[in-house]
Every structure is written in C-alpha cells, then in structure tokens.
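Tertiary structure, described
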Amino acid sequence: MEEFQKNVREWLNRKKEHTFDRFMIHQMGYRLAHEDDSDTRWSAYQTFREKTGHRKLASEPTMKRWFGIGGSAVPGRETLFAICFALSLDAEGAGRFLTEGLREPSFQINDYQEIIYLYGFEHGMEQGECDEMAAGFEEKLDMDLSFCQTHSTHELRKQYQVKKELPKEEFLAWMTENGRYFKGYSRTALDYFSRYKKLILESVREEAEIILNRLLEDTEYVSWKRRRLIRETNLETIRRFVYSNKKIDADLRKDILELAQVTFSPQEPNSLFIRELFSFNYDALSSHMDTRRVLRMTEKRMSDLLGTAIQRKKQIRAVSSCRLLEKVDGEKDCPEQILTLIREFDQDPGIPEQVSVSWAHKWLQQFQKKQKRRCLLLQRGDILPMVIYMVQKDYLKNISSDIRQYNREEAVRYFEEVANATLLSCNMALLNQEYDTDSLFYLCFQENDMYSLADVLDEIERQKR
C-alpha cells in the first residue's frame, strides 16, 4: 500500500511532458529548457503568428495560452482544423495535430466535413474552399436520407484512397452518391463503447446478486418466502420482506435494498456505471483531474454518447433543411415538410400553424448550434476506463481471484493487448505511458498488487486534500 501511495504521489508531481502547449512549441521548432522558460514560449508564439499570417484564429489571450503564456488552453477540434489550414499542413501533419496534440481520433472518414478537410489537406487547399465544398454537399443531401448503420468506415477509407485523386467536382459527386455513409461518427467505436458498458453492468449485477444472497442467508428470507408460497425472488418480493421484518436493522435493510435494486432493475442507470468505474467519490474529485486532461465521464456525456446516432441524424437533417431554405424567398410560407421537422424536433404545441421561411431558417440555425453540443466524439478517455475494468475482472478470473498468483508483467501485457486492439479498431492513438491519462491506468498495476481505477482516483483525491 505504501508503494502504491508513493507512486500516486510521484504521478501527481511528475513533469508534464505531453501537454498541448509543449506540443505547439515543438511544432514551431523550439524546445523548453524548463517549465518557466518564458522566452522560448514567446518565440514559439511569435513564430506561430508569422506562419499563420497573423490570422485571428481565436482571441489573442487564448492563442497565447496555447503556448502556456498567461495560462493554458486547448483548442476544440474545429479550431484545430483552422490552425492546421493556417499553417498550410499536409494530411499527415494535420492528423498528427489531432492524435498527438488533442489526443483525439484522427480524421473521421465518415464525417462529410472531415473527409472534405482531409481531401483539402491532401491537395493544399484553403479552408474556405473546403467549406464551400461542404456547403455543396449539404445542398444535395436528402433531409430524409437513411444513413448506413453497418461498420462501413474501413470500406469508406479504402474507397477514399482511390477517389482522393479525383477533381473537386467529381470527388463531391462521389460523396453525394454515397451520402448514406457519412453519418458523422464511427459505428465501430460506438459499438465498443456500448458493448463494454453492457458487459460491465452485467458484471456489477452478478457481483451484487452474490452479495445480496449472502446477506439474505443471514435473515429469515427463505422461510418467510416458503410460508407465503412465493417461488420467485425479485425486487418487489425483497422489498416486501425487509419492510415486514422488524428484526432487520436499518443499515442491513439499506444494503439489501440497494443490492436488490442493482440486481433486479431492468434499467441500466448511468450513475451506477459511473460510480462502479470511477469512484464512489467521483463527483468530489478535484479539478486537478481536469487540468491533467483526464476525462471525467458524466451521466449527460454518457447519455449523449449512447445517443450519438440519433443526435447526428438530427444535426444533419437540420443542416440539410437550412440549405434548402436558403434558396427560397424569406417571406414565403415555410414548406410543410420542414415545418413538420421543426415540430418533431421542438415538441412545442405553441408553434404556429404556418411560419415564414425566414422564421424557420432562423429557428433551424439556433437548433443546429444547440444540437452541435450534443454531437460528441467518442474519445480514448471514454473507452480506456471500460477496457481496464473488464481486463482486470477477466484477469482475476484467470487466476481464480487468488491475488497471490498476480504477476504485474502478465497483467500489464494483457491490458496493453486488449487496449491497443480496441484503440486500433477505433482509429485512435495507441497506449503511451508518457500521456497523463495512460500513465494513470498503469498505476493500477503495482508490483505486488492490482488496484482498480476507482482506487487510484480515490487515492489521488485523498492526497490532494
């Protein structure tokens, strides 16, 4: 335990090598002599401004924070694309900014905007030219198009390698013809996420049922059920028993009811999943975890990720409808098809029977902005906590839960094999112990014992207090 606490302390105090500001400084051709090397930071920032033609890619204080001047900041994915275009990067360089700079997946080949950007980087185009291509694709996109829900990303990538040499017009025609594949997210990554969640909740329920049965064995539950000729054990039966039996003390009653709720509830509560993976004290974890870029899962984030298919389709239908309305006189009545769509999205009975095109266009633009925030991109930090949980459970089964048989090298190798296979399938960067997030997972594997991610996070919170 002392060794574990010492290693967590070292993790908290270790020099952060792979931060976005250092990445940007390195990309400008500089190296920090030490963390407070302000001269190098300023030189790198000035070089960046010169290379980008002094374009206003964000506010000046924000751009300075990209280099660790006056604080720290990490641009969003859209802003990063603007940075890459301003630096006149090729496709390989832009991909490196995504995977090494942001630690996010590389180009999403099934996102029409990103595949056009990829095409643009390949051909040395300006961002504005790419945005015009995207607008052209949106104009031709059927708002009621049914998107392909198969694992088509690999095939799409193969097709792109052939089609990327086409002229702009022909490339756009190929995209339009295959519009059903540009759903805007990776079905493979989403399936991994959903599958891991299901497996973890099944594991939680199995363990809860084992503990529940042990607690019930120490009560009169079996005889109580026999006297009442009750054959089935379910949530309602257990509730009836604990509330009718005055001999059960309050703490035991609470434990039994909680375990019964986990075991028999037909729902898959996100709160239970988050608590199991990350910590009972997860909500109280310090903001230090955010500054280290360790993603913090929330119930809303999980809900939005699991609803990615629905959210993306809504976003694309709204974009397509907006493009259609741009060609219509604003004073005219909104087409019934689009007004029906607005009612479907809004569910507000107060929407008038008829509205103008300009009113509908404005409404859809506002809806797009809100919807965009719900169209999240699955990231490494969303999947890796699930991977390590299932790997550790599986490893414990392999050694019959006898921790005396634990072998650190063997356990780490198993984790790396499963994690890297998953990351590779999801087009994400492989494990790297130099990354803060990844090094956090390696803390789970100590020399003589194995700890859960929740254990590690609890220890971090304890030491921060």
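Residues numbered from 1 in each chain as written. Predicted model: local features only at pLDDT ≥ 70, side-chain atom pairs only at ≥ 80, totals over all residues. Heavy atoms only, no water.

Attention now moves to unusual backbone geometry. Phi is positive for S88, close to 55 degrees, though the residue is something other than glycine. Note on placement: S88 falls in the loop between α5 (77-86) and α6 (91-101). Of the residues examined, S88 reaches a relative accessible area of 62% and is grouped as exposed. We note that L229 has phi near 55 degrees; this positive angle belongs to a residue other than glycine. (Helix = DSSP H or I, 4+ residues; strand = E, 2+ residues; numbered from the N terminus. Buried < 20%, exposed > 50% of the residue type's maximum accessible area, 1.4 Å probe, protein only.)

Examined against the element boundaries, S194 turns out to sit in helix α11 (residues 187-217). Look at S194 and you get partly exposed, because its relative accessible area is 31%. Sequence-wise, S194 and L306 are 112 residues apart; in three dimensions their C-alpha atoms are separated by 7.1 Å.

The subject of this paragraph is helix α15 (residues 270-278). Restricting attention to buried positions, one finds in α15 the residues N270, L272, F273, I274, L277 and F278. Taken together, the buried residues of α15 touch α11, α14 (250-264), α17 (299-306), α21 (380-398) and α24 (453-464). (Contact = heavy atoms within 4.5 Å.)

This paragraph deals with the packing of helix α13 (residues 235-244) against α14. Relative to each other, α13 and α14 sit at 175 degrees, their axes nearing to 9 Å. Classified by the angle between their axes, α13 and α14 sit roughly antiparallel to one another. Along its contact with α13, which presents L235, I238, R239, V242 and Y243, the element α14 presents R253, I256, L257, A260, Q261 and F264. (Axes fitted to C-alpha atoms, helices over the stretch in contact; angles between N-to-C directions. Parallel < 35°, antiparallel > 145°, perpendicular 65-115°, else oblique.)

Residues of helix α9 (residues 153-163) that are buried include every one of T153, L156 and Y160, and no others. Considered in projection along α9, the buried side chains sweep an arc of 55 degrees and stay on one side of the axis. Of the exposed residues in α9, the ones pointing more than 90 degrees away from its buried face are H154 and V162. Looking at the buried side of α9, the elements it contacts are α7 (112-122) and α10 (168-177). (Arc of directions from axis to C-beta.)

So, on to the packing of aromatic side chains. Counted under the stated rule, the structure contains 28 aromatic pairs. Seen in terms of ring centroids, Y119 and F171 are 4.2 Å apart; in terms of plane orientation they differ by 20 degrees. Their pairing is stacked. Of this pair, Y119 sits in helix α7 while F171 sits in helix α10; the two residues are 52 residues apart in sequence, bridging distant segments of the chain. Y119 gets classed as buried once you look at its relative accessible area, which sits at 2%. (Phe/Tyr/Trp six-rings, centres within 6.5 Å; stacked < 30°, edge-to-face > 60°.)

Time to look at the packing of α21 against helix α22 (residues 408-425). It is the contact of α21 with α22, at a shortest axis distance of 9 Å, that shows an interaxial angle of 140 degrees. Regarding the angle of α21 to α22, the classification is oblique. As for how α21 packs across α22, the hand of that crossing is right-handed. On α22, the residues touching R380, I383, L384, V387, I388, V391, D394, Y395 and N398 of α21 are E410, A411, Y414, F415, V418, A419, T422 and L423. (Left-handed = near helix turned anticlockwise from the far one by under 90°.)

Quick look at the nonpolar core now. Nonpolar side chains in soluble globular proteins tend to end up buried together. Ranked by internal contacts, the top residues of the largest apolar core, which has 70 residues, are F415 and F445. For this core, the element with the most residues is α11, which contributes 11 residues. Leave out the neighbours within four places in its chain, and F415 touches V387, I388, V391, L431, F441 and F445. Core analysis: the next-biggest nonpolar cluster, separate from the first, contains 54 residues, A86, L98, A134 and I316 among them. (Core = buried A, V, L, I, M, F, W, Y, C linked by side-chain atoms within 4.5 Å.)

Residues D249, D251, D255 and E258 make up a contiguous surface patch of negative charge. Structurally, the position occupied by D249 is in the loop between α13 and α14. (Patch = residues over 30% accessible without salt bridge, like charges linked within 9 Å, V, L, I, M, F, W, Y side chains within 5 Å. Areas by Shrake-Rupley, 256 points an atom, 1.4 Å probe, with all protein chains shown as cover. Salt bridge = Lys/Arg side-chain N within 4 Å of Asp/Glu carboxyl O. Lys, Arg positive; Asp, Glu negative; His and termini not counted. Charge placed at Lys NZ, Arg CZ, Asp CG, Glu CD.)

This brings us to the side chain of T219. By the secondary structure assignment, T219 is in the loop between α11 and α12 (221-227). Of the polar contacts made by the side chain of T219, one reaches the backbone oxygen of L216; its length is 2.7 Å. Here Y221 takes part through its backbone nitrogen, which lies 3.2 Å from a polar atom of the side chain of T219. Discounting residues that sit within four places of it in the chain, T219 has contacts with F241, L252 and I256. (Polar contact = N/O pair within 3.5 Å; in protein donor to acceptor, adjacent residues only side chain to side chain.)

On to the pattern of salt bridges. For the structure on display, the rule yields 23 salt bridges. Across the pair R187 and D191 runs a salt bridge, and its minimum N-O distance is 3.2 Å. Residue R187 and its partner D191 are both found in helix α11; the two are separated by four residues, about one turn of the helix. Through salt bridges with shared partners, a single network forms among R77, E104 and E114.

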